[in-house]
Amino acid sequence: MQLVRAKLMVHSDPSGQAKDIEFMFNPSELDFTRQVSWHSDVGHRGSTLLPKVNFSGVEPYSFTLQNLLFDTYEKKTSVLKEYIDNIKKGATARSSTLTRPPVYILTWQDSYFHCVMTSLNYRLTLFLADGTPVKAIVNIALQEVDPENMSGGKFPGPKPTLGPKPNPGPKPNPGPKPNPGPKPRPK
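Overview of the structure. A quick note: this is a predicted structure, and the numbers were derived from the prediction, not measured.

1. Remarks on the overall build of the protein
Okay, so step 1: Of the regular secondary structure elements, the protein holds 1 helix and 9 strands.
Okay, so step 2: Put simply, the protein runs from its N terminus to its C terminus through helices and strands in the order β-β-β-β-β-β-α-β-β-β.
Okay, so step 3: A total of 187 residues make up the protein; the buried ones form 24% of that total.
Okay, so step 4: Of the contacts made within the protein by residues no fewer than 6 positions apart, 62% connect residues no fewer than 24 positions apart.
Okay, so step 5: As displayed, the protein has an accessible area near 13,900 Å², and 54% of this comes from carbon and sulfur atoms.

Have a look at this one:
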C-alpha cells in the first residue's frame, strides 16, 4: 500500500500566487466541529416549562490541523522559504490588488470539503549555526466554504461583463397620496 499524503489543494486563488500545501507528515487526527443554531423563545413555554425552540440553521464546519511538522535540517535549507512562505499565502490578503486569500480543498485519500484559513500559527524550533530556521511546527485553523458563493476579492484581470442592464419599465403608480388632515385655520 502506497503512502498518501494529506494536503490542502488550491481550488481558487485570485492572486494566482498560492500553491498546494502538501504536508511532510500526515496529521495524527482530524477533528471537525459544526455548530447548530437554535433560537429560544423565552415567552412561549410548553407543558414542561422549557422555552420553545426553533431551528435557525447550521454554521459551516471548522477544524484545526495541529502540530504539522516541517523539517529541512537534512537539506540545510530554510524551512521558511521552502514551506512556511507558501503556507502564509493562505492567511494573507493582497492589499495592493484587493484580493482575498485562496480557497483550498482538504484532501487525504478522499476530498473532505472546500475551506479557507481562519488562523495560522507557526513556531520555529530548530536553527542551523548561522541562524537558518530548519524546523517548524504549524497549526492551521480552517472553515468550510461554498466555493460557488465566494465574495471579498477583486476579480483578477479584466472585469467580467454582465451584459446590458434590463430596462425596468415604467415605475408603478403608487396611488393617491394620503390625506395629511385638515389645514390649520388662520386667526
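There's plenty left to go through after this.
2. Here's the deal with helix 1 (residues 79-88)
Okay, so step 1: Taken residue by residue, helix 1 has V79, I84, N86 and I87 as its buried positions. Around the axis of helix 1, the buried residues are gathered within 160° of arc, so they sit on the same side.
Okay, so step 2: Turning to helix 1, the residues buried within the fold contact strand 2 (21-22), strand 6 (62-71), strand 8 (110-127) and strand 9 (133-144).
Okay, so step 3: If you check the start of helix 1, you find a side-chain oxygen 3.2 Å away from the backbone N of L80, and it comes from S78.

3. What about the pattern of salt bridges?
Okay, so step 1: For the structure on display, the rule yields 4 salt bridges.
Okay, so step 2: The shortest N-O distance in the salt bridge between E22 and R5 comes to 3.6 Å. Of this pair, E22 sits in strand 2 while R5 sits in the segment before strand 1 (7-12), and the two are 17 residues apart along the sequence.
Okay, so step 3: What makes E22 partly exposed here is its relative accessible area of 36%.
Okay, so step 4: The salt bridge partner of K88 is D85, with a shortest N-O separation of 3.8 Å. On the criterion of helical spacing, the pair formed by K88 and D85 is a turn pair, its members being 3 residues apart in helix 1.

4. Topic: the packing of aromatic side chains
Okay, so step 1: A full pass over the atoms with the stated rule returns 7 aromatic pairs.
Okay, so step 2: Pairing F32 with Y112 gives two aromatic rings, centres 5.8 Å apart and planes at 25°, and the pair type is stacked. Residue F32 is located in strand 3 (residues 32-33), and its partner Y112 is located in strand 8; the two are separated by 80 residues in the primary sequence.
Okay, so step 3: The class of Y112 is partly exposed, set by a relative accessible area of 36%.
Okay, so step 4: On the basis of an interplanar angle of 70° and a centroid distance of 5.5 Å, the ring pair of W38 and F55 is categorised as edge-to-face. On the criterion of sequence distance, the pair formed by W38 in strand 4 (residues 36-45) and F55 in strand 5 (residues 51-58) is long-range, its members being 17 residues apart.
Okay, so step 5: By way of ring pairs, the aromatic residues F32, Y61, F63, Y112 and F113 are connected into one cluster.
Okay, so step 6: Taking NZ or CZ as reference, K76 lies 3.6 Å from the ring centre of Y73, over its face.

5. Some details on unusual backbone geometry
Okay, so step 1: In this model, N67 sits at a positive phi of 55°, which is unusual for a non-glycine residue.
Okay, so step 2: Position of N67 among the secondary structure elements: in strand 6.
Okay, so step 3: Given the relative accessible area of 53%, N67 is considered exposed.
Okay, so step 4: Residues other than glycine seldom take positive phi values, yet Q109 does so here, at roughly 70°.
Okay, so step 5: Assignment of secondary structure puts Q109 in the loop between strand 7 (103-108) and strand 8.

6. Description of the layout of surface pockets
Okay, so step 1: If you add up the space inside the largest pocket, you get close to 230 Å³.
Okay, so step 2: Surrounding the largest pocket, F25, N26, P27, S28, E29, D31, T64, Q66, N67, L68 and L69 form its lining.
Okay, so step 3: Taken together, the residues that form the lining of the largest pocket break down as 4 nonpolar, 5 polar and 2 charged.

7. So, the environment of M24
Okay, so step 1: Within the secondary structure, M24 is located in the loop between strand 2 and strand 3.
Okay, so step 2: Residues M24 and F70 lie 46 residues apart in sequence; the distance between their C-alpha atoms is 6.0 Å.
Okay, so step 3: Apart from residues lying up to four places away in sequence, M24 is in contact with R5, L69, F70, D71 and Y83.

The rules behind the values
Residues numbered from 1 in each chain as written. Predicted model: local features only at pLDDT ≥ 70, side-chain atom pairs only at ≥ 80, totals over all residues. Heavy atoms only, no water. Helix = DSSP H or I, 4+ residues; strand = E, 2+ residues; numbered from the N terminus. Buried < 20%, exposed > 50% of the residue type's maximum accessible area, 1.4 Å probe, protein only. Contact = heavy atoms within 4.5 Å. Areas by Shrake-Rupley, 256 points an atom, 1.4 Å probe, with all protein chains shown as cover. Arc of directions from axis to C-beta. Polar contact = N/O pair within 3.5 Å; in protein donor to acceptor, adjacent residues only side chain to side chain. Salt bridge = Lys/Arg side-chain N within 4 Å of Asp/Glu carboxyl O. Phe/Tyr/Trp six-rings, centres within 6.5 Å; stacked < 30°, edge-to-face > 60°. Lys NZ or Arg CZ within 6 Å of the ring centre and 35° of its normal. 1 Å grid on protein atoms, 1.4 Å probe; cavity = no way out; pocket = protein on both sides within 12 Å on 5 of 7 lines; lining within 4 Å. Points joined across faces, edges and corners; volume = space filled by probe spheres on them. Nonpolar A, V, L, I, M, F, W, Y, C, P; charged D, E, K, R; others polar.

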